[in-house]
Amino acid sequence: MKSFIRKTSLFSLFCLILLASCRHRKEPVLIKIGGETQGTYYAITYYHDDSTNLQPSIDSLLHRFDSTASTYKPNSIISRMNDNDPSVKADEMFTTIFQKAMEVSEKTNGAFDITVGPLVYAWGFGLANRMKMNQHIVDSLMPLVGYHKVILDSSKLIKTDPRIRIDFNAIAQGYAVDVVGAFLDSKGVQSYLIDIGGEVLARRTKPGGEKWSVAIEKPTKNADDERTIQEVVLLQDMAISTSGSYRKFYEENGIRYSHTIDPSTGYPVKHSLLSVSVLAKDCMTADAYATAFMVMGLEKSKAFLGKHPKFEVYFIYTATDGSMKTYYTKGFGKLLRKADRGNSQ
């Protein structure tokens, strides 16, 4: 009998301690920060028990990232490698981006290619002024394009031609999101949504169990048209990247030139695909494949997805009658907020 009373008392004491701890447990603090990086914006929303301002550390981290992967900084690692500086070596971030780029290039048969930089610049979508493009100029630059023409050996970039220049713009922003995410994880942040220039990573859910809402933009006719929402995706432990041809372009003699360059032809892509959004566990992967699908176009992308069903993708394209249509995988459709899902795979 005494043993039973003792056990009951201990149980009661445990319950009182547990109740007291629950009463004094801090509710996670909602924190929102933002700024500029990589020529665009960043916006981060997160919940944390500690209200310490993490923005200075994140700004420092993004600055260090730019010193590795930004072609706009003349002293960055990538710029020095492009300039054939014999003393420069790849750091961990450069190596990670390069290896993922090679992986995606191999799997997409070169639709994604970081050596397309000289063509991007020649067409007017980089630091240099746009050239008066013709077939002769394209032909002269094509020998500098081809992911198999560069390798990373003992932290050194080896090129088959010293004029080859690599460009991480189609993948680096996604990896920057992953880098910030890893930092927040290291600080014990409970849940967060990171957005760098439209590349987004959602980790866990909001404290009440609600998933993060991320909008897919509706393509517009003109770059300066008002932005509207096409769809809203509900995300948890997932990244999303959207690539489109309707924001970065120019028109000349009535012809629209997209910033997405096809490495196999040397010309801006010309197909019906307006926008593609890709889901992945990490943002770098989503970013790279979004670019690859924009290069492939709708039909080739659908054929690719038939062989690689693990990808969840949302396409917006122009139909033959000029109307805007959508096509998306079943898994992607399950994450959309709206109920009408007539064009899913």
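The structure displayed is predicted, hence computed values, not measured ones.

Definitions and limits used
- Residues numbered from 1 in each chain as written.
- Predicted model: local features only at pLDDT ≥ 70, side-chain atom pairs only at ≥ 80, totals over all residues.
- Heavy atoms only, no water.
- Helix = DSSP H or I, 4+ residues; strand = E, 2+ residues; numbered from the N terminus.
- Buried < 20%, exposed > 50% of the residue type's maximum accessible area, 1.4 Å probe, protein only.
- Lys, Arg positive; Asp, Glu negative; His and termini not counted.
- Salt bridge = Lys/Arg side-chain N within 4 Å of Asp/Glu carboxyl O.
- Polar contact = N/O pair within 3.5 Å; in protein donor to acceptor, adjacent residues only side chain to side chain.
- Contact = heavy atoms within 4.5 Å.
- Expected span 1.5 Å × (residues − 1).
- pLDDT = per-residue confidence, 0-100.
- Axes fitted to C-alpha atoms, helices over the stretch in contact; angles between N-to-C directions.
- Parallel < 35°, antiparallel > 145°, perpendicular 65-115°, else oblique.
- Left-handed = near helix turned anticlockwise from the far one by under 90°.
- Nonpolar A, V, L, I, M, F, W, Y, C, P; charged D, E, K, R; others polar.
- Arc of directions from axis to C-beta.

Moving on, we come to the side chain of D113. Residue placement: D113 occurs in the loop between α4 (92-107) and α5 (117-122). Although D113 is buried, it forms no salt bridge, and the closest oppositely charged side chain is K149 at an N-O distance of 8.3 Å. Side-chain polar atoms of D113 contact the backbone nitrogen of Y147, separated by 2.9 Å. When sequence neighbours within four positions are dropped, the list of residues in contact with D113 reads S105, V145, G146, Y147 and P263.

With 16 residues, α4 extends 23 Å between its outermost C-alpha atoms, agreeing within 8% with the 22 Å of an ideal straight helix rising 1.5 Å per residue. Buried within α4 are the following residues: M93, F94, I97, F98, K100, A101, M102, V104 and S105. Turning to α4, the residues buried within the fold contact α2 (55-69), α3 (77-82), β3 (150-153), β4 (156-159), α7 (172-186) and α8 (283-296). Put simply, D91 is the residue that caps the front of α4, since its side-chain oxygen is 3.3 Å from the backbone nitrogen of M93. Once α4 finishes, N109 follows within two positions and takes phi at roughly 55°, a positive value.

Interpretation of this model should avoid reading the predicted coordinates in detail wherever pLDDT is low. Here the protein chain averages 88 in pLDDT, while 84% of its residues score no lower than 70. Low pLDDT, under 50, characterises residues 249-257; the stretch is placed with 21 contacts to residues that sit more than four places away or in other chains. Of the regions scoring below 50 in pLDDT, residues 339-345 engages in 14 contacts with residues more than four places distant in sequence or in other chains.

Here we come to the environment of N75. Tracing the backbone through its elements, the reader meets N75 in the loop between α2 and α3. If sequence neighbours within four positions are ignored, N75 has contacts with S67 and R80.

This brings us to the packing of α2 against α4. Two numbers describe how α2 lies on α4: the axes approach to 9 Å, and their chain directions differ by 60°. Taken as axis vectors, α2 and α4 run oblique relative to one another. The way α2 lies across α4 gives a crossing that is right-handed. Together, R64, F65, T68 and A69 of α2 and M93, F94 and I97 of α4 make up the contact between the two elements. Broken down by class, the residue content of the contact of α2 with α4 amounts to five nonpolar, one polar and one charged.

What follows deals with helix α9 (residues 298-307). Those residues of α9 lying buried are L298, S301, F304 and L305. Down the axis of α9, the buried side of the element spans an arc of 120°, and every buried residue falls inside it. Pointing more than 90 degrees away from the buried face of α9 are the exposed residues E299, K300, G306 and K307. Close packing links the buried residues of α9 with α4, β12 (273-280), α8 and β13 (312-318).

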